[in-house]
Each structure stands twice: as structure tokens, then as C-alpha cells.
Amino acid sequence: MASSTDVKKIVGDLDKESFVSLLSKLIGESKYLQNNPPELIPQEDRAVKHVLDSLLPHSTTTGGGPLVIKHVTYFPGRGNVIVEYPGTVPGKILSFVGCHMDVVTANPNDWEFDPFSLSIDGDKLRGRGTTDCLGHVALVTELMRRLAETKPKLNSTVVAVFIANEENSAISGVGVDALVKDGLLSRLKDGPLFWIDTADKQPCIGTGGMIPWKLHVTGKLFHSGLAHKAINPLELAMEALKDIQLRFYRDFPPHPKEEVYGFATPSTMKPTQWSYPVGGINQIPAECTISGDVRLTPFYNVKDVMKKLQEYVDDINENIGNVESRGPVSKYILPDENLRGSLTLSFDEAMSGVACDLNSRGFHVLCKATEEVVGHVKPYSITGSLPLIRELQDEGFDVQTAGYGLMATYHAKNEYCLFSDMRQGYQVFLSVISQLED
């Protein structure tokens with residue numbers, strides 16, 4: 001078998017011309033890859049076409065090479081691609097997963113350049129999807145193409161999985177969730193799975209769970225000059241939310257493991273949106289809604305938090321008369337009218353965070369590869385959320401995460417990545433493959 005040094009020499013460096021050419025084709029499709037249903041449903045097969053154009057000539061499908069390729073579709077026009085470079089030792093495997101072929105939306109009027117075509121400014125490769133995640137699609141495609149062309153003899157089978165439908169969960173059963181359900185990724189449990197969809201070239205070892213919530217508050221509408229005849233839902237909402245937040249931080253304080261994983265923040269619960277019926281400024285409204293989210297470090301259970309939040313609201317409703325009021329006529333009960341203010345809590349779809357296994361072989365080889373290529377290694381954790389990976393971990397996969405775009409342009413206007421970073425990512429992949437041969 002090839003030694004670690006041999007693998008790197010045989011496969012060689014990232015071919016800039018080939019990489020940029022493929023990335024240009026992918027970014028050229030990004031207008032049709034935006035994921036925001038029901039208005040925008042991506043057509044990932046437009047990206048699949050370019051991946052297959054690059055890899056099929058080196059596949060068993062055409063007889064031109066060793067790659068085993070499966071194009072798996074659960075929804076018309078929305079395919080996934082599984083690519084395998086076979087090794088020689090049964091059960092020895094590693095995988096690069098998470099390179100998704102959908103993107104978040106982009107409004108060309110808000111950008112300084114066309115988001116839907118690749119433009120180059122020195123080291124910058126600009127366009128929607130360059131960082132998240134079409135840049136990684138191109139990078140891993142190039143890796144698999146070069147393995148097939150140079151044919152190093154490896155102990156490990158190397159698998160790449162390009163997925164549909166990562167950016168929005170309104171429609172399910174399209175991407176990696178369906179692949180796992182059908183058992184198409186089960187073999188990947190036998191080795192480290194590297195989820196390639198983060199940024200900044202360092203291992204991301206922890207992500208946050210997210211619980212989107214809405215607190216609907218009902219009061220009584222009345223003229224603001226007769227405030228004693230109203231139940232002001234805005235005041236009730238502000239006071240109740242403060243109480244809920246204080247209880248949350250009491251019950252879910254900073255966890256000792258957050259320091260070990262380097263989380264930038266502990267778990268948080270906060271409002272981000274406020275809505276109320278349109279009316280005159282001299283009118284106390286009948287209702288309002290505060291929306292926000294909980295960002296939860298992975299050392300707490302999402303279902304436990306949701307249960308606790310509901311308990312807080314139930315307790316406040318039962319004791320609405322004890323909620324702090326504002327001024328001599330501010331009140332939340334009108335006994336003469338048998339009216340009480342009330343709170344209703346609801347949740348949108350929640351997701352759990354993940355804490356990567358810091359004792360796994362996958363973590364150690366990723367760290368060593370990063371230090372070797374980038375010059376230093378500093379794993380980090382954020383309470384931003386990545387969908388799907390906790391479910392993979394719960395299914396028994398050794399999930400490690402990394403990425404080579406830029407966090408500063410992730411989901412942002414004027415998105416770009418750096419070719420030099422992508423080149424280092426390619427070298428990290430080769431180092432990971434090499435180490436796992438030993």
C-alpha cells in the first residue's frame with residue numbers, strides 16, 4: 001500500500017484551473033439552487049450534472065475508472081450523489097459528507113457583484129455558495145477525480161456524499177435524512193465521517209441546538225386615555241418574558257463542558273422579533289407576539305428545555321395577578337369583566353446541537369492534518385446550528401466537522417471564499433487519508 005508521503009505525492013496539489021472551472025459552473029446554477037420554500041425549491045440536479053460530468057469519465061459506470069457512483073433521488077430534480085473510491089481492506093473506510101448543493105437566497109440588488117455567477121478578485125472567489133457550500137462541492141469533487149486519475153493503492157475506501165436540501169427543513173425526505181433511513185450510508189459508521197460545511201479551516205467540535213419559539217400574549221383592547229379599562233399585552237409580554245428568561249438562565253446555566261469545547265457563549269434564550277396588530281398610537285392593542293429562539297449547547301436536552309419553558313408559561317398564567325405591573329393602573333386582571341391576560345407558547349421545529357467525540361481517531365487525524373497544513377490547530381465551538389449532524393451522531397456515526405470557506409461571509413451578502421483556503425482544505429483531506437492508512 002501507498003505510504004502517507006506517497007499518497008500526497010501521487011495525488012498532488014489542487015488543480016486551480018480545474019477547480020475554478022467547476023466552481024464557475026456550480027455558481028452559475030446557484031440562482032436555481034436557492035432553498036426557501038414554497039417560493040424557492042432548489043433543483044439540485046443542476047449541480048449534480050456538473051459533478052457527474054467531472055466524475056463519470058473515471059467511473060465503473062463508463063468503464064473509465066474505479067469510482068463507484070450512485071445518483072439517488074427522492075424528489076424529482078433533487079438528487080444526491082454517493083461516490084466511492086474503493087480501498088483494499090474490507091470495512092476500512094472514511095467519508096467526506098455534508099457538501100450540499102442548495103444555497104440560501106440572495107438578492108442581486110443588495111450585492112456589489114452578481115451573486116449568481118463566479119467572479120474572481122485576486123485570491124477571492126465570489127458568488128452565492130462559494131463558502132456555503134458549492135465551494136466544498138467543487139473541492140471534494142476535485143479530490144475524488146484526482147484519486148480516480150492517479151489511482152493510489154489505499155487500504156481505506158474513500159467515500160464522498162453530496163447532498164440535497166441542507167438549508168431548509170420545511171421539506172423532508174430529500175437529502176441525507178432519506179439516505180440514512182434507506183441504509184445507504186450505514187457502511188460509513190465503520191470509520192470517521194467528516195462533515196464538510198463549516199468555515200475558517202479549523203475543526204468545529206461543537207454546535208448549538210435551536211428551539212424557535214413564539215409567545216402570544218392576549219390582553220384587552222381599549223383607548224389609551226382610559227388605560228385602567230385595558231389589559232396591556234405589550235407590558236404583560238415584556239414582564240412575562242423577563243421572568244421566563246430569568247428562570248431559563250437559572251435552570252440552564254453555563255455548563256462545565258462548554259469551556260472544554262471552547263464555546264463562545266453558553267446557552268441563551270432571547271427575543272428576536274415583535275409583532276402586534278396595526279392600530280392608532282392612542283389604542284392599547286388586544287394582543288401581541290414575541291418570537292425568538294433558544295440556542296442550546298449540546299450538553300442540555302432540547303426536549304427538557306421545551307418542557308421547562310412550557311412549565312414557566314403555565315405557572316405565569318396561573319399566577320397572572322402576581323406579574324410585575326407598570327404604574328398605578330397597569331393590571332393584567334379585570335375582575336369586573338372577568339377578564340385575565342394570558343400567554344400562549346408555541347414552538348417551530350427544533351434541532352439538537354452536537355459535541356464531537358474528542359477521543360476519536362477522526363478528531364485526532366483532523367487536528368494533526370490541520371496543524372500540518374494550516375500551521376496551527378485551534379478547535380472551536382459555536383451555538384450556531386448545523387442541521388442533520390446530531391441525527392447522524394445518534395445513529396452511530398463518528399461525526400467530525402470542518403470547512404474552508406469564511407465564517408464572515410457565511411449566509412452573507414457579497415459571499416466569497418479564498419482559493420488559498422480551499423487549497424489548504426484539499427491538502428488537509430489528503431493528510432487525513434494518508435494518516436488513516438497508517
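Notes on the structure follow. Position numbers for residues start from 1 in each chain and track the written sequence from start to end. Thresholds applied to this predicted model are a pLDDT of at least 70 for local features of residues and 80 or more for the giving and counting of side-chain atom pairs; totals over whole chains, interfaces and linings are not thresholded and use all residues. The basis for every side-chain value is the complete set of heavy atoms in the structure, and neither hydrogens nor water enter the calculation.

### Concerning the overall build of the chain
Then step 1. Under the DSSP-based scheme used, a helix requires at least four consecutive residues in state H or I and a strand at least two consecutive residues in state E, with every element numbered from the N terminus. Counting secondary structure elements, the chain contains eleven helices and 20 strands.
Then step 2. In terms of principal-axis extent, the alpha carbons of the chain reach across some 85 × 45 × 40 Å.
Then step 3. Buried, partly exposed and exposed residues are distinguished by accessible area as a fraction of the type maximum, computed with a 1.4 Å probe on protein chains only: under 20%, between the cut-offs, and over 50%, respectively. The buried share of the chain, taken over its 438 residues, is 53%.
Then step 4. Should any heavy atoms of two residues lie within 4.5 Å, those residues are counted as being in contact. In the chain, once contacts between residues fewer than 6 apart in sequence are set aside, the share between residues at least 24 apart is 80%.
Then step 5. Every accessible area reported is derived by Shrake-Rupley at a probe size of 1.4 Å, with residue values counting cover from the shown protein chains alone. Per element, the accessible surface of the chain, about 18800 Å² overall, is 51% carbon and sulfur.
Then step 6. Here the positive residues are Lys and Arg and the negative ones are Asp and Glu; neither His nor the chain ends is included. By convention, the charge on Lys lies at NZ, on Arg at CZ, on Asp at CG and on Glu at CD. Averaging the coordinates of the 42 positive side-chain charges in the chain and doing the same for the 55 negative ones gives two points 2 Å apart.

### A few points about the sheet that holds strand β20 (residues 416-418)
Sheet strands pair via backbone hydrogen bonds, and the direction of the pair is either parallel or antiparallel.
Then step 1. At least two DSSP bridges between two strands are needed for those strands to be called paired. Read across the open sheet, the three strands follow the order β4-β5-β20; overall the sheet is antiparallel. Two strands bound the open sheet, and with one partner strand each, they are β4 (119-121) and β20. The mean inter-strand angle of the sheet, taken between neighbouring strand axes irrespective of direction, is 25 degrees.
Then step 2. A fitted line through C-alpha atoms represents every axis, and for helices the fit uses only the stretch in contact; the resulting angles, taken between N-to-C directions, go from 0 to 180 degrees. Where helix α11 (residues 419-435) meets the sheet, it contacts β5 (124-126) and β20, and its direction lies at approximately 60 degrees from that of β20.

### Quick notes on the sheet that holds strand β13 (residues 287-296)
Then step 1. With respect to topology, four strands assemble into an open sheet ordered β11-β13-β9-β16, the strand pairing being antiparallel. Looking at which strands have only one partner, the edges of the open sheet turn out to be β11 (268-275) and β16 (342-347). Averaged over all pairs of adjacent strands, the angle between their axes in this sheet comes to 25 degrees, without regard to strand direction.
Then step 2. Looking at chain direction, β11 and β13 are connected through seven bridges and run antiparallel. Pairing of serine 275 across the sheet is with threonine 289, part of β13.

### A few points about a nonpolar patch on the surface
Then step 1. On the surface, a cluster of nonpolar side chains totalling about 320 Å² of accessible area is made up of Met238, Trp274 and Tyr276.
Then step 2. On the accessibility criterion, methionine 238 (34% relative accessible area) is partly exposed. Residues enter a patch when their relative accessible area is above 30% and they make no salt bridge; the linking distance is 9 Å between like charges and 5 Å between nonpolar side chains (Val, Leu, Ile, Met, Phe, Trp, Tyr). A pairing counts as a salt bridge when a side-chain nitrogen of Lys or Arg comes within 4 Å of a carboxyl oxygen of Asp or Glu.

### Regarding the pairing of strand β1 (residues 68-73)
Then step 1. With six bridges connecting them, β1 and strand β2 (residues 79-85) associate as antiparallel partners. Across the sheet, the residue bridging to valine 72 is asparagine 80, located in β2.

### Topic: the packing of helix α4 (residues 134-150) against α11
To characterise two packed helices, one gives the angle between the axes of the helices and the distance between these axes.
Then step 1. Where α4 meets α11, the closest approach of the two axes is 10 Å, and the angle between their N-to-C directions is 45 degrees. In terms of their interaxial angle, α4 and α11 are classed as oblique. Crossing of α4 against α11: the hand is right-handed. Here Gly135, His136, Leu139, Val140, Glu142, Leu143, Arg146 and Leu147 of α4 come into contact with α11, specifically with Met422, Gly425, Tyr426, Phe429, Leu430 and Ile433. Any angle that is under 35 degrees is reported as roughly parallel, and any over 145 degrees as roughly antiparallel; angles of 65 to 115 degrees are reported as roughly perpendicular and all others as oblique. Each crossing gets its hand from how the near helix is turned against the far one by less than a right angle, where anticlockwise is left-handed and clockwise is right-handed.

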